[in-house]
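An overview of the molecular structure
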Amino acid sequence: MLSIILVAAAGFAAGFFAAYRFYYRRRVEHIASSGSREMAARNEAKDQLAQAASGRTLATLGSMAEGVLIVDAQGRAVLANNALLDALGLKKGAVEGAYFWEIFRDSEVNEMLENCLKHRRVAKKEHSVLLSDKTFEIQVSPIASGSDFLGAVGVFHDVTRLKELERARTEFVANVSHELKTPLTSILGYVETLKEGAVEDVENRMKFLDTVEEHAKNLSALVEDLLLLSSVESGKSALRLREVDFGSMADRVLKAYAPKIREKKITLSREISPEPFVIRVDEALFERAFSNLVDNAVKYTPPGGAITVTAARSGAESRLTVADTGIGIADHDLPRIFERFYRADKSRSRESGGTGIGLSIVKHIVERHGGRIEVESVPQKGAKFSVVLA
Ligand code: ADP
């Protein structure tokens, strides 16, 4: 891709230089008589931009997403397109006529251009340019017309986002491996203990097996969540949208959690009007999202607390909320709780079998429905999650 752009840019550059040289020679002859060759050359480079590179060349280079810099054989910039100026935070007109080392102040980029002008060879490199916090794939190439060496062209392809995605993927793999390894190590440890004789220990063997079962269940829940997350994220399977009554959905979910709610002596309030509260969703998926919110409310609310589920309409929007009087979430954690594997309360999450990806699943499901999720919380007072569907 970069090579194609480079060839195109080099093509432009060659035509550009032809017009430039003709104009330049005449102007330098004229200015040289006044004495200042250096100033003349600099002004020339600026002037020629307006004169020679008018019209199509500039328009095309200007509309490219990749940054392009063309320098003459002495290393003076004769053209820098908008993408390059924007990427480096430079003003229009601040570059033309300047030597490339005055523009970049970045030894690696400068070295690439210098070598290209000296040895007339193509060079390619991925590099974080010092002037900005971006990473570019940079390719420099000599420009020649017949036996004439004209200069060099550099194409700067912004790969910052690509790098970020790569980093996120690596981080994800590391997180998943860690999440899988912890329960597996524990399972293997208990099995070994049992095999080494604990199996004869009538009093404790059941406890060991219970722990093994608990870790295996956590593993299974994690794998299930990962599969669901990947299917929702990929957006491959189409949503099966239909009109469903949120009241009935809430009842089903709350019924499933009734034993835990009772056990923790949590007061449950269901503030949904008795008439059907119709929402258009993929029932199975949406129920999973709602269930994750209820699951968290139950997990993070200490015994004796309260959970309130509400549904309200405001204009075209439906707002479904799950509020609790639990441990709440600190301000600095709030923006991150929807990230995969981010846990504000690590020990409580693990203790209660949390996978750390419940809320990212909720967010993806809600967003796939064109909705949004909001959260408010006061630490130690509670948290309120609202799903807003348009
Ligand atoms: P987990 O499986 O750990 O619950 P989630 O993705 O569902 O993972 O939630 C991410 C983190 O957000 C949790 O680890 C917890 O720290 C915090 N959290 C989520 N819901 C609540 C809530 N209702 N009250 C307090 N903290 C919550």
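Whatever comes next refers back to the structure up there.
Examining the sheet that holds strand β1 (residues 67–72)
Spatial ordering of the open sheet is given by β2-β1-β5-β4-β3, a layout of five strands whose pairing is antiparallel. Each end of this open sheet is capped by a strand with a single partner; those strands are β2 (77–80) and β3 (123–128). Each neighbouring strand pair of the sheet contributes to a mean axis angle of 20 degrees, computed without reference to strand direction. By the bridge criterion, three bridges tie β1 to β2 in an arrangement that is antiparallel. Looking at the pairing, Ile70 lines up with Leu79 of β2. Against the sheet, helix α6 (residues 107–119) engages β1, β3, β4 (135–145) and β5 (148–158), with an angle of about 20 degrees to β4.

Considerations on the site of the ligand
Taken together, 21 residues lie around the ligand, and Asn296, Tyr300, Ser349, Gly356 and Leu359 are the ones closest in. Within the side chain of Lys299, an N or O atom sits 3.0 Å from an oxygen atom of the ligand. Note that a nitrogen atom of the ligand is positioned 2.9 Å from one of the side-chain N or O atoms of Asp324. The set of elements that each furnish at least two residues to the shell around the ligand consists of α10 (283–299), α12 (358–368) and β12 (382–389). By residue class, the composition of the shell around the ligand is ten nonpolar, seven polar and four charged.

A word on unusual backbone geometry
Trans is the prevailing form of peptide bonds, just as negative phi is the prevailing case for residues other than glycine. One non-glycine residue, Lys265, lies in positive phi territory at about 50 degrees. In this fold, Lys265 is placed in the loop between α9 (246–263) and β7 (267–271). A positive phi angle, near 70 degrees, is found at Phe341, a position not held by glycine. The topology assignment puts Phe341 in the loop between β10 (317–324) and α11 (346–351).

Here we look at the packing of aromatic side chains
As enumerated under the stated definition, the model contains eight aromatic pairs in all. Geometrically, the ring pair formed by Phe338 and Phe385 is edge-to-face, given 6.4 Å between the ring centres and 80 degrees between the ring planes. A residue pair is termed long-range when its members are at least 10 positions apart, and Phe338 in the loop between β10 and α11 and Phe385 in strand β12 qualify at 47 residues. A residue is classified by how much of its surface remains accessible, and Phe338, at 15% relative accessible area, is buried. Residue Phe385 is classed as buried on the basis of its relative accessible area, which comes to 7%.

Here's the deal with the environment of Thr170
Relative to the assigned elements, Thr170 resides in helix α7 (residues 160–195). A distance of 2.7 Å separates the side chain of Thr170 from the backbone oxygen of Glu166, its partner in a polar contact.

Focus: the sheet that holds β12
On the basis of which strands lie adjacent, the open sheet formed by five strands has the order β7-β9-β10-β12-β11 and mixed pairing. Strands at the two margins of the open sheet, each flanked by one partner only, are β7 and β11 (372–378). Looking at each pair of strands side by side, their axes are set apart by 15 degrees on average, direction ignored. Both β10 and β12 contribute to a ladder of seven bridges, which runs antiparallel. Across the sheet, residue Val322 finds its bridge partner in β12, namely Phe385. Set on the sheet, α10 makes contact with β9 (306–314), β10, β11 and β12; between it and β10 the angle comes to about 25 degrees.

Conventions and cut-offs
- Residues numbered from 1 in each chain as written.
- Predicted model: local features only at pLDDT ≥ 70, side-chain atom pairs only at ≥ 80, totals over all residues.
- Heavy atoms only, no water.
- Pairing = 2+ DSSP bridges.
- Helix = DSSP H or I, 4+ residues; strand = E, 2+ residues; numbered from the N terminus.
- Axes fitted to C-alpha atoms, helices over the stretch in contact; angles between N-to-C directions.
- Contact = heavy atoms within 4.5 Å.
- Near = heavy atom within 4 Å.
- Polar contact = N/O pair within 3.5 Å; in protein donor to acceptor, adjacent residues only side chain to side chain.
- Nonpolar A, V, L, I, M, F, W, Y, C, P; charged D, E, K, R; others polar.
- Phe/Tyr/Trp six-rings, centres within 6.5 Å; stacked < 30°, edge-to-face > 60°.
- Buried < 20%, exposed > 50% of the residue type's maximum accessible area, 1.4 Å probe, protein only.

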